Amino acid sequence: MQLRVLGAHSSSAGQAACATLLIDGRLAIDAGSIASALSLEEQGKIEALLLSHQHFVHVRDLPLLALNLFRQGRRVTVYATRETLAGLEKHLFNDELYPRFQSIPEANPTVVFDELCPTEEQAVAGYRVCAVPVNHWECAAGFMITDSPGNTIFCSGDTGAGLGR
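Below you will find a few notes about this structure. (Residues numbered from 1 in each chain as written. Predicted model: local features only at pLDDT ≥ 70, side-chain atom pairs only at ≥ 80, totals over all residues. Heavy atoms only, no water.)

### Considerations on the sheet that holds strand S5 (residues 76–80)
Sheet architecture is open: six strands sit in the order S1-S2-S3-S4-S5-S6, paired in mixed fashion. Two strands in the sheet have a free side with no partner beyond their single neighbour: strand S1 (3–7) and strand S6 (111–115). On average, each strand axis in the sheet is tilted by 25° relative to the strand beside it, whichever way the strands run. Two elements, strand S3 (residues 27–29) and strand S4 (residues 48–50), share three bridges in a ladder whose sense is parallel. Counterpart to Leu 27 in the pairing with S4 is Ala 48. (Pairing = 2+ DSSP bridges. Helix = DSSP H or I, 4+ residues; strand = E, 2+ residues; numbered from the N terminus. Axes fitted to C-alpha atoms, helices over the stretch in contact; angles between N-to-C directions.)

Put into structure tokens, the structure is as follows:
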């Protein structure tokens, strides 16, 4: 697995960029700086996006990614907990702040939401992913990600005391 850090901060200034990790150029974790750090071509190669939670620094560039993919005729699946996906629909992709990219184009939506159930392993873009609840916000999650050869990493957007097994 090749891990690229696009941003690891809770702000954006100079060399500091909001939280985004990229695995093998095709699996993103959070979207704080995904559009500002990647070329349009690189954005088009992203197959899936894991969102740890809906705080702004983790979703900041998601509307820009969606717009860029929409213009390219591409799509991305966004994986997150039910609460995080509901927050995106209510506050971000709601046809008030940004278009409902989960509904356009009608035949093949640009953004597809897929729920991750905490502590249950799920196949995501050729990886095995397990969302692990973390002590930060009511539905925040870290991710245990395993590739096909069996290499495993754990990434967490934010966490506090109490992260156990």
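Having put the structure on the table, let's press on.
### With respect to the nonpolar core
Ranked by size, the top nonpolar core spans 24 residues in total, and within it Ile 34, Leu 49, Leu 51, Leu 62, Val 78 and Leu 88 carry the most contacts. Mapped onto this core, the elements with two or more residues apiece are helix H4 (62–72), S5, helix H5 (82–91) and S6. Not counting the four nearest positions on each side in its chain, Leu 88 is found in contact with Leu 51, Gln 54, Val 59, Leu 62, Val 78, Phe 93 and Phe 113. Counting residues in each nonpolar core, the second largest holds 16 residues, with Ile 23, Leu 116, Val 129 and Phe 143 among its members. (Core = buried A, V, L, I, M, F, W, Y, C linked by side-chain atoms within 4.5 Å. Buried < 20%, exposed > 50% of the residue type's maximum accessible area, 1.4 Å probe, protein only. Contact = heavy atoms within 4.5 Å.)

### Structural notes on the environment of Tyr 127
With respect to the secondary-structure elements, Tyr 127 resides in strand S8 (residues 127–133). Of the residues examined, Tyr 127 reaches a relative accessible area of 2% and is grouped as buried. Counting along the chain gives 115 residues from Tyr 127 to Ser 12, while the straight-line C-alpha distance between them is 30 Å. At 2.5 Å, the side chain of Tyr 127 and the side chain of Asp 24 are in polar contact. (Polar contact = N/O pair within 3.5 Å; in protein donor to acceptor, adjacent residues only side chain to side chain.)

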